[in-house]
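# Analysis of the macromolecular model
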Amino acid sequence: MTKKILLFCDPGIDDSLAIMYSILDPEIELVGIVTSYGNLTKDQVTANAAYLLDLAGRTDIPIIPGASMPVQEEQNLRIYPEIHGEKGIGPIKPPSNLRYKIYPFDMIRVIIEKYKNELIIVDTGRSTTLATVFNLYPEHIKMVHSIYVMGGAFFVPGNATALAEANFYGDPTSSNLVVKNAHNLTITPLNVTQHAVLSEEMVEFISKNMKNVYAFLMEPIFKYYYEFYKKSTPGIQGAPIHDLLTVMVVKNPSIVDYIHYDATVIESTEAKGMSFIDIRPTSKKGKTRIAVKLHYDAFIEEFKKVMLNG
């Protein structure tokens, strides 16, 4: 049975690769894409999602625009064109005349009602839109099978600040709501995603697979992304594809190791966006599954299997 995924995202290079992987993997059924601000503006990332679906001939997949800013003050809105490119897909510019259909926010409720316990929600962007679903449809969110969130950094450095990962930093209030209320929750923090590195050689190899409709995108967007990481992380041998790993563990849970604790996201002070767990000897373990170690070879093998057979 395929894994039915409703993807909340902000494409962005690593989100774009997560979408490509989801489209190409026969074991995943992408039933909708919910777009919101984050790597770039909501309008731009929505256009990017539409472009990726159009390339694959999958305009049947609903695109649902979500939040355009965090729930906190507007000046907290930070986007990252220097990392992902002016349009969000490195040097690639989606056609300005591309026409696509977008669906109202209530389509999320419709999708949940349709798939119920078969549905898996994966959120690889800021938590604002998913938190809104919790607020608007509290009974519906209980119907879904599980929730996967890319965010946080547990006892490792952040990437937005010294303490905080970018998704949780972008709207810590919403992130805290999600991690406190989501059932059957898996978090893939920087602990594992920063090690989900694709090498230049592998991307060049995959880009030669003409059966893959996304092959022509692979090399230019990877090189753009890699240039940023070479400056920010000297000596790195590739670029970490954070959001790709989060989708991957839905059907390949064993490519990471987990601990089980309830998490908290700090909402203010200099530690804003920092995620933490209580690991004191007397503390109780929790229900949230937090990935802490990546099995790199298994990650690479899974990526090659899907992208070379696309």
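Counting of residues starts from 1 at the beginning of each chain's written sequence and follows it residue by residue. Thresholds applied to this predicted model are a pLDDT of at least 70 for local features of residues and 80 or more for the giving and counting of side-chain atom pairs; totals over whole chains, interfaces and linings are not thresholded and use all residues. For side-chain calculations, the full set of non-hydrogen atoms in the structure is used, while hydrogens and water are omitted.

### Side note on the overall build of the chain
From N to C terminus, the chain includes 13 helices and 12 strands. Viewed in the frame of its principal axes, the chain has a C-alpha envelope of about 55 × 45 × 40 Å. Residue burial in the chain is summarised as follows: out of 310 residues, 58% are buried. The contact rule is simple, with two residues in contact once any of their heavy atoms fall within 4.5 Å. Counted over contacts in the chain with a minimum sequence separation of 6, partners at least 24 positions apart contribute 81%. A total accessible area of about 13200 Å² is found for the chain, and carbon and sulfur atoms account for 53% of it. Runs of E in the DSSP output that reach at least two residues are strands. Runs of H or I that reach at least four are helices, and both are numbered from the N terminus. Whether a residue is buried, partly exposed or exposed follows from its accessible area with a 1.4 Å probe, protein chains only, as a fraction of its type maximum: under 20%, in between, or over 50%, in that order. Here, Shrake-Rupley sampling with a 1.4 Å probe gives the accessible areas, and only protein chains in the shown set may cover a residue.

### Some points on the nonpolar core
Joining through side-chain atoms within 4.5 Å is the link that ties buried Ala, Val, Leu, Ile, Met, Phe, Trp, Tyr and Cys residues into a set, and such a set is a nonpolar core. Counting 66 residues, the largest nonpolar core has Ile5, Met20, Leu198, Leu245, Val256, Phe299 and Phe303 as its most contacted members. The residues touching Leu198, leaving out its near neighbours within four places in the chain, are Val203, Phe222, Gln237, Gly238, Ala239, Ile241, Phe299, Ile300 and Phe303. Membership of the second largest hydrophobic core comes to 33 residues, among which are Val31, Val133, Val179 and Tyr261.

### Some details on the packing of helix H1 (residues 13-24) against helix H13 (residues 296-308)
A fitted line through C-alpha atoms represents every axis, and for helices the fit uses only the stretch in contact; the resulting angles, taken between N-to-C directions, go from 0 to 180 degrees. At a closest axis distance of 9 Å, the pairing of H1 and H13 adopts a crossing angle of 65°. Considering only the axes of H1 and H13, their crossing is left-handed. Touching Met20, Tyr21 and Leu24 of H1 are Glu302, Val306 and Met307, all from H13. Under this grouping Gly is polar, as are all residues other than the nonpolar Ala, Val, Leu, Ile, Met, Phe, Trp, Tyr, Cys and Pro and the charged Asp, Glu, Lys and Arg. Grouping the constituent residues of the contact of H1 with H13 by class yields 5 nonpolar, no polar and 1 charged. Handedness of each helix crossing follows the sense of rotation of the near helix against the far helix: counterclockwise by less than a right angle gives left-handed, clockwise gives right-handed.

### Quick notes on the sheet that holds strand S12 (residues 289-294)
Taken together, the 8 strands give an open sheet; going across it, the order is S3-S2-S1-S4-S5-S6-S12-S9, and neighbouring strands pair in mixed fashion. At either margin of the open sheet sits one strand with a lone partner, and together these are strand S3 (63-65) and strand S9 (256-260). Strand-to-strand twist in this sheet, taken as the mean axis angle between neighbours without regard to direction, amounts to 25°. In this analysis, strands are considered paired if DSSP registers two or more bridges between them. Of the pairings in the sheet, the one linking strand S2 (residues 28-35) to S3 comprises 3 bridges and is parallel in character. Directly across from Thr35, in S3, lies its bridge partner Pro65.

### Re the pattern of salt bridges
Side-chain pairs of opposite charge can arise whenever the charged atoms involved come near each other. Put simply, a salt bridge is a Lys or Arg side-chain nitrogen that is within 4 Å of an Asp or Glu carboxyl oxygen. Under the counting rule described, the total for this entry stands at 15 salt bridges. One salt bridge in this structure joins Glu302 and Lys251, with 2.9 Å as the shortest N-O distance. Within this pair, whereas Glu302 is found in helix H13, its partner Lys251 is found in helix H12 (residues 242-251), the two being separated by 51 residues in sequence. For Lys305, the salt bridge identified is with Glu302, shortest N-O distance 3.3 Å. Pair noted here: Lys305 and Glu302 are both in helix H13, with a separation of 3 residues, about one helical turn.

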